[in-house]
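What follows is the residue order along each chain.
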Amino acid sequence: MFTKLEIVSRWIIFTIDICLSLFALLFAVILQHNFIIDRINFISFYKSVLLVIAVNSLVFYSVKTFAGIVRYTSAQDSFRILFSVILSSLVLFFTNAIIIVVSGVPVISNVAIVIYTLFSFLLLITYRVIVKYFFMYLKNAKLDKIRVIIYAAGEAGVATKRTFDHDAKVNKTIIAFVDDDLRKVGKTIDGVRILDASQLEHLILKHEVDEIIFASFSIPPDRKNQIVDICLENDVKILNIPSPEVWAKGPVTTAQIQNLNIEDLLNRKTIQIDIDGIQTQLKDKRILITGAAGSIGSEVVRQLLKFETGLIILCDQSETALHNIYLELEEAHANTNFHAFIGDVKDEKRMEFLFETYKPHYVYHAAAYKHVPLMEDNPTEAIKTNVFGTKTIADKAVKHGVQKFVMISTDKAVNPTNVMGTSKRIAEIYVQSLNNSLHDRHHIFSNGLSYINELDVKPITKFITTRFGNVLGSNGSVIPRFKQQIEKGGPVTVTHPEITRYFMTIPEACRLVLEAGCMGKGGEIFVFDMGKSVKIVELAKKMIRLAGLIPNEDIKISYSGLRPGEKLFEELLNDHENTMPTHHEKIMIGKVREYDFNNVQDQLSILFKYASSDHITKVVQQMKIIVPEFKSKNSVFEELDFAHEKDIPNKSHS
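The structure displayed is predicted, hence computed values, not measured ones. (Residues numbered from 1 in each chain as written. Predicted model: local features only at pLDDT ≥ 70, side-chain atom pairs only at ≥ 80, totals over all residues. Heavy atoms only, no water.)

Caption draft 1: A look at the pattern of salt bridges. Tallied over the entire structure, the rule returns 23 salt bridges. Here E352 and K396 are joined by a salt bridge, their closest N and O atoms 3.2 Å apart. Taken together, the residues span a long stretch of sequence, with E352 in helix 13 (residues 348–358) and K396 in helix 15 (residues 379–399) at a distance of 44 residues. Accessibility classification places E352 together with K396 in one group, the buried group. Among the ionic pairs, K391 bridges to D395, the shortest N-O distance being 2.9 Å. (Salt bridge = Lys/Arg side-chain N within 4 Å of Asp/Glu carboxyl O. Helix = DSSP H or I, 4+ residues; strand = E, 2+ residues; numbered from the N terminus. Buried < 20%, exposed > 50% of the residue type's maximum accessible area, 1.4 Å probe, protein only.)

Caption draft 2: Summary view of the confidence of the model for the protein. On average, residues of the protein score 81 in pLDDT, and 85% of them reach the 70 mark or higher. Across residues 1–6, where pLDDT falls below 50, the model places 7 contacts with residues more than four positions away in sequence or in other chains. (pLDDT = per-residue confidence, 0-100. Contact = heavy atoms within 4.5 Å.)

Caption draft 3: Region of interest: the sheet that holds strand 5 (residues 211–214). Taken together, the 7 strands give an open sheet; going across it, the order is 3-4-2-1-5-6-7, and neighbouring strands pair in mixed fashion. Both edges of this open sheet fall to strand 3 (188–189) and strand 7 (258–259), since each of them pairs with a single strand only. Of the strand pairs in this sheet, strand 2 (residues 172–179) and strand 4 (residues 192–196) are connected by 3 bridges, and their pairing is parallel. Bridging from a neighbouring strand, D179 pairs with D196 of strand 4. Packing of helix 6 (residues 200–207) onto the sheet brings it into contact with strand 1 (146–151), strand 2, strand 4 and strand 5, and relative to strand 4 it is tilted by some 135 degrees. (Pairing = 2+ DSSP bridges. Axes fitted to C-alpha atoms, helices over the stretch in contact; angles between N-to-C directions.)

Caption draft 4: Molecular detail of the packing of helix 13 against helix 15. Viewed as axis vectors pointing N to C, helix 13 and helix 15 meet at an angle of 35 degrees, and their least axial separation amounts to 10 Å. Read as a crossing pair, helix 13 and helix 15 show a hand that is right-handed. Across the interface between the two elements, E348, M351, E352 and F355 of helix 13 pack against F388, T392, I393, K396, A397 and K399 of helix 15. Residue composition of the contact of helix 13 with helix 15, by class: 5 nonpolar, 1 polar and 4 charged. (Left-handed = near helix turned anticlockwise from the far one by under 90°. Nonpolar A, V, L, I, M, F, W, Y, C, P; charged D, E, K, R; others polar.)

Caption draft 5: Representation of helix 6 within the structure. Where helix 6 is concerned, the buried positions are L200, L203 and I204. Around the axis of helix 6, the buried residues are gathered within 105 degrees of arc, so they sit on the same side. Exposed residues lying more than 90 degrees from the buried face of helix 6 are L205 and K206. Where helix 6 is buried, its residues contact strand 1, strand 2, strand 4, strand 5 and helix 7 (221–233). (Arc of directions from axis to C-beta.)

Caption draft 6: Structural view of the pairing of strand 4. The pairing of strand 3 with strand 4 spans 2 bridges and is classified as antiparallel. Following the sheet pairing, T188 is matched in strand 4 by R193.

Caption draft 7: A look at the side chain of S437. Relative to the assigned elements, S437 resides in helix 16 (residues 419–440). Relative accessible area serves as the criterion here: at 4%, S437 is assigned to the buried category. Looking at S437, its side chain comes within polar contact range of the main-chain oxygen of L434, at 2.8 Å. (Polar contact = N/O pair within 3.5 Å; in protein donor to acceptor, adjacent residues only side chain to side chain.)

Caption draft 8: Geometry of unusual backbone geometry. Of note, the amide linkage connecting G490 to P491 takes the cis form, showing an omega dihedral of 0 degrees. Here P491 lies in the loop between helix 17 (478–487) and strand 15 (492–494). Despite not being glycine, E208 shows a phi value in the positive range, around 50 degrees. Residue placement: E208 occurs in the loop between helix 6 and strand 5. Taking the relative accessible area as the measure of exposure, E208 reaches 60% and is therefore exposed. A positive phi angle, near 50 degrees, is found at N634, a position not held by glycine. Checked against the element boundaries, N634 lands in the segment after helix 21 (616–626). The partly exposed category is assigned to N634, whose relative accessible area is 36%.

Put into structure tokens, the structure is as follows:
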């Protein structure tokens, strides 16, 4: 019955506040006279009643003490009431002083005003707290309440609890906080105890917990995974509060506290980058991002917007995707100077127009075809975009004096087993050999470019390559696909029970791209620390369990077999490569083989000739010549692999 009560009219609250202030006045006068009623001058008391009603009506109306909903009384309401009581008391003091000057007789003594002030505040707060806890009791009295533990008793945890307290429609009761900080254990917040998080499994069983809410942004990933495993083993649902950015926009609703995502478990510690160093290099620079509408390119753009750059040029061939990112930037960063440029990196004339018009200082080259099975079926397109497109942008960068060219590569370029990975490795080889040729100043650049010397290129373009594995949530990646399959009721398809992959968040990868690009001196291949590789079938099982389902009962896991060109384990370096550390613990320099630029040019001209005529077999054969470690797997191109070692035309040297 009480749970259906509507919110009481504010005028009723106003009347109650006035009545309680009068009761405080009566108590103050009685206390002043030591509870001897006969000593009270009731004529003077009646005058003081009229004065208090007049003053409090004016003050309470002005301060809006009656505006809050009593059952949701907060600290802010308490401060408002305290301010109104102090203000009304000051008005009473001054009014009383004026009356004394005029008539010589006070309406109310100063002692009574002091006592009145204390009791008025006490009564106004007490009745609100009683009402608040009465409604909380009614809300928690339901027998079918969902029993919830909040993990972390910090500011976010307290705010999370109060978010549920303020939503009468939520059928949940917070039975405890748990925290790893033993200094907090044993204390209470809003009447809810803080318990030791190390005893979580025991607490789950003892209190029959239904849900746990992660209410902290700083729980170490290993600890979070440990807690999740405990919860999943005990059929406890796991929720997560929204990001700090969401909280910054205003009060969070219970609807925004949602199921934990697998991405939250794969996240690692926030990567720290040299903000000042990047700012110094990028300040007022014109920056070109190719593939700017893709998963990586668009995030590079978002990261760049944090710095005081000059013009940001977004280049992509996808009109719709480019339009979407443009609208996003226009809405969130209206004062930033950026331009959307539709163009294909394979189109030399269009790219020449781009460089001639905007004359970028920095280039982040993210444009590429990335899906392994599709490139296995379309190898000539992989060459045209991933290799020829990279060559086109790199050549234009040299011609137009770009300071730095940062190429975004992939771990699939290491010991490649597919066309896509090999195309990216060939692109790596080209930009690295081009960088070396520029800095040696001894080579002739073909395809119409003039002899490279100090007068022709100022400054000499520095070419830098960044190499990392899969990024969470990128277009077409495994996690969004698993989510769709789970939502449809399964089955979840995994290619092989032993397949593993490295994962990194998109923002994490792009921060490292910016850091590596700024620390690079030219010619390096930077390899990112991808952490531990993840077994994909275990990833699928955890995603199913996070959805509240049981793997192979509610949702079946099926194995489809390795796709063409796919391998079980990804690598960041091949057998002949090693790394050197940098000042950033997450970034290493791969010591890779160096290639002679002239030989690379010769081999690429053959490759482009075959690709332009769509001669698939000869394209793949030539790729295997350029990258001898390219051994096809689960592919029709396996028959092209050499049966024995042969001399490689572009013989490398150390």
